Amino acid sequence: MSRPTVAVVGASRDRSKYGNISVRAHLAQGYEVIPINPIAETIEGLKCYPSIGAAPLTRWDRVSVYLPPNKSLALLDELQHVAVNEVWFNPGSADQRVRDRAAELGIEIIEACSIVDLGVSPSMF
C-alpha cells in the first residue's frame, strides 16, 4: 500500500516557519512529502522541486500552500494541469482574487490549517 502524497508549496528550510513545520508534520503522519521551493535543493533531507510541474508526480492526495496570495494565484494555473484530491490554502495564503480564480478554474479549495487537519498542533514541531 502506498503512502498518501502531499506537495508542500512554499516549503521552507527555516524550522520556525509553517512551510517547514508542515513538511515535518506530514512526514510524521505517514505522508510522502514533496517540498516545493524554487531556491532550495533539499528541505528536511527531502529533494525539493521548483514547482508542482517539475515534481515527479502528476496525481496528488493533497497540496498544502504556504505562499502569499499573489504567488498563490500563479499556482492555481499550475494546479489545473495535475490531479489533486485536496488543495489546502493555509491561513494568509488566499484572498478574494485567489478564491475567484480557483472558482473560475473549477478548483475546490480548503481554507484552513492543513497541519491541524492532520490531528496535530503546529506547536508539537
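Everything below is about the structure printed above this text.
Residues numbered from 1 in each chain as written. Predicted model: local features only at pLDDT ≥ 70, side-chain atom pairs only at ≥ 80, totals over all residues. Heavy atoms only, no water.

1. Describing the overall build of the chain
When you go through the chain residue by residue, the secondary structure sums to four helices and seven strands. When the helices and strands of the chain are listed from N to C terminus, the series reads β-α-β-β-β-β-α-β-α-β-α. Its C-alpha radius of gyration of 13 Å places the chain within 12% of the 14 Å reference for a compact globule of 125 residues. Its C-alpha atoms put the chain at 35 × 30 × 30 Å along the principal axes. Here the chain, with 125 residues, has 44% of them falling under the buried criterion. Excluding contacts between residues fewer than 6 apart, the proportion of contacts in the chain whose partners are at least 24 apart in sequence is 62%. For the chain, the computed accessible surface area is about 6500 Å², with 50% contributed by carbon and sulfur atoms. Each charge sign in the chain was given a centre, from 12 positive and 14 negative side chains, and these centres are 6 Å apart. (Helix = DSSP H or I, 4+ residues; strand = E, 2+ residues; numbered from the N terminus. Rg over C-alpha atoms; globule rule 2.2 N^0.38 Å. Buried < 20%, exposed > 50% of the residue type's maximum accessible area, 1.4 Å probe, protein only. Contact = heavy atoms within 4.5 Å. Areas by Shrake-Rupley, 256 points an atom, 1.4 Å probe, with all protein chains shown as cover. Lys, Arg positive; Asp, Glu negative; His and termini not counted. Charge placed at Lys NZ, Arg CZ, Asp CG, Glu CD.)

2. Focus: the pairing of strand β1 (residues 5–9)
Of all five residues that make up β1, five are buried, and the element is covered over most of its length. Residues T5, A7 and V9 line one face of β1 and the alternating positions V6 and V8 line the opposite face, and both faces are buried. The pairing of β1 with strand β2 (residues 32–36) spans five bridges and is parallel. Paired with V8 across the strands is P35, a residue of β2. In the classification by handedness, the crossover that spans β1, the intervening helix α1 (residues 18–28) and the parallel β2 is right-handed. Direction of pairing for β1 relative to strand β5 (residues 59–65): parallel, over a ladder of four bridges. From the neighbouring strand, V8 faces β5, where its bridge partner is S64. (Pairing = 2+ DSSP bridges. Right-handed = clockwise from strand over helix to strand, strands pointing away.)

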